[in-house]
Amino acid sequence: MLVNATEMLKKARAEGYAVGQFNINNLEWTKAVLLTAEECKSPVILGVSEGAGKYMTGYKTVAAMVKAMIEELNITVPVALHLDHGSYEGTKKCIEAGFSSVMFDGSHYPIEENVAKTKELVELAHSLGISVEAEVGSIGGEEDGVVGRGEVADANECKMIADLGIDFLAAGIGNIHGKYPANWQGLDFEALEAIKNATEGMPLVLHGGTGIPADMIKKAISLGVAKINVNTECQLSFAAATREYIEAGKDQQGKGYDPRKLLLPGFEAIKATVKEKMELFGSVNKA
Ligand code: 13P
């Protein structure tokens, strides 16, 4: 069932668990995430970066594929199709293309401009029943060309953006896209607590979910995080399983080169990663 992400995240925030956003890249990724969500009876958010949207030939293709797949696979759990780190133009395109949720990432603009653009996009998205995520501070590292310096979000600025009627808020708290460096300082829980107190009940979003230790994930959830984004970890699982298949020479045995066979171990590996995260985030049986 394709829905916006508002209700599923309000429920997660109120009940003390988080819904995973898993970024998709192609048909195998989408199918793996949807089937795992259904098996786990978990709500789920499919994240699409602008780069991945372009790779899949455009947002309309993605929306059509996801809607058809939900129907053909009889997916009954709530699924949101969400733009990840959208630009102003990209956000408008996804709203038009039939996404059920969008993230407008105005964190690189001065706060006044972030406020003005977020406000405009909230009005447009809400008039069509689409949920909106906004960002304050920034996520360190790089994801599909979106680069952040990792500034920790200011709680007052978070309140300014939260007050615009957005549905959930991404705030930089020392989190990083991609693998964490060995000298990573960990999440800034003081900043998270201040943001939680300033934004009263707002579901908070933790980007850079790959590689955050389980105890930090649990603490973040206890401090208002209701959505956790995972991208790199599924890519690593997929790559490792595919490498193992090829290194074992299985693509050369029988019709092992058939793409449906060649991509199967990677597909199963994504499923295992998604299941592990849903268990950690506490969203199993919450659909
Ligand atoms: P990772 O790639 O570090 O899991 O981050 C995902 C993310 O935050 C998507 O916006």
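So, a few notes on the structure that sits alongside this text.

Rules and cut-offs
- Residues numbered from 1 in each chain as written.
- Predicted model: local features only at pLDDT ≥ 70, side-chain atom pairs only at ≥ 80, totals over all residues.
- Heavy atoms only, no water.
- Pairing = 2+ DSSP bridges.
- Helix = DSSP H or I, 4+ residues; strand = E, 2+ residues; numbered from the N terminus.
- Axes fitted to C-alpha atoms, helices over the stretch in contact; angles between N-to-C directions.
- Contact = heavy atoms within 4.5 Å.
- Core = buried A, V, L, I, M, F, W, Y, C linked by side-chain atoms within 4.5 Å.
- Buried < 20%, exposed > 50% of the residue type's maximum accessible area, 1.4 Å probe, protein only.
- Near = heavy atom within 4 Å.
- Polar contact = N/O pair within 3.5 Å; in protein donor to acceptor, adjacent residues only side chain to side chain.
- Areas by Shrake-Rupley, 256 points an atom, 1.4 Å probe, with all protein chains shown as cover.
- Nonpolar A, V, L, I, M, F, W, Y, C, P; charged D, E, K, R; others polar.
- Parallel < 35°, antiparallel > 145°, perpendicular 65-115°, else oblique.
- Left-handed = near helix turned anticlockwise from the far one by under 90°.
- Salt bridge = Lys/Arg side-chain N within 4 Å of Asp/Glu carboxyl O.

Let us now look at the sheet that holds strand S3 (residues 79-86). Backbone hydrogen bonds hold the strands of a sheet together, and the pairing may be parallel or antiparallel. Spatial strand order, S1-S2-S3-S4-S5-S8-S9-S10: 8 strands in a closed barrel with parallel pairing. Adjacent strand axes in the sheet meet at a mean angle of 25° when their direction is disregarded. Of the strand pairs in this sheet, strand S5 (residues 131-136) and strand S8 (residues 168-171) are connected by 4 bridges, and their pairing is parallel. Looking across to S8, one finds that Glu-135 is bridged to Ala-170. Contacting strand S1 (19-23), strand S2 (44-49) and S3, helix H2 (residues 27-40) runs over the sheet at an angle of about 165° to S2.

Once that is clear, we can look at the nonpolar core. Judged by nonpolar contacts, the single largest core of 78 residues is most densely connected at Ile-24, Phe-99, Ile-161, Leu-169, Leu-187, Ile-195 and Leu-206. Considering every element that reaches this core, the biggest residue donor is helix H4 (residues 59-72), with 7 residues. Not counting residues up to four positions away in its chain, the partners in contact with Leu-187 are Ile-173, Gly-174, Asn-175, Leu-206, Ile-212, Met-216 and Ala-220. Listed in part, the 13 residues of the second largest apolar core include Ala-5, Tyr-17, Phe-168 and Ala-170.

What follows deals with the site of the ligand. Taken together, the neighbourhood of the ligand is formed by 15 residues, with Asp-84, Gly-178, Gly-208, Thr-210 and Thr-232 sitting nearest. The side chain of Asp-84 places a nitrogen or oxygen atom 2.7 Å from an oxygen atom of the ligand. In this structure, Gly-178 approaches the ligand through a main-chain N or O atom, which is 2.8 Å from an oxygen atom. Burial of the ligand by the protein chains amounts to 99% of its free accessible area of 310 Å². Within the residue set of the shell around the ligand, elements represented by two or more residues are S3 and strand S10 (225-230). Of the residues that constitute the shell around the ligand, the class distribution is 2 nonpolar, 11 polar and 2 charged.

Attention shifts here to the packing of helix H8 (residues 189-199) against helix H9 (residues 214-222). The description of two packed helices rests on the angle between their axes and on the distance between the axes. Packing of H8 against H9 leaves a shortest axis separation of 10 Å and a crossing angle of 20°. The angle between H8 and H9 places the two elements in the roughly parallel class. Here H8 runs over H9; the crossing is right-handed. When H8 is examined against H9, the residues Phe-189, Leu-192 and Lys-196 are found in contact with a partner set consisting of Met-216, Lys-219, Ala-220 and Ser-222.

We now examine unusual backbone geometry. In this structure, Asn-74 is a non-glycine residue whose phi angle is positive, near 55°. Note that Asn-74 resides in the loop between H4 and S3. At Asp-144, a residue that is not glycine, the phi angle is positive and equals roughly 45°. Locating Asp-144 in the fold gives a position in the loop between strand S6 (141-143) and strand S7 (146-148).

With that settled, consider the pattern of salt bridges. Pairs may arise between side chains of opposite charge once their charged atoms sit close together. Under the criterion given, the structure shown has 13 salt bridges. One salt bridge in this structure joins Lys-41 and Glu-38, with 3.0 Å as the shortest N-O distance. Two residues, Asp-258 and Arg-260, come together in a salt bridge whose shortest N-O distance is 3.8 Å. Overlapping salt bridges bring together Lys-11, Glu-15 and Lys-286 as one network.

Structural measurements only, silent on function.
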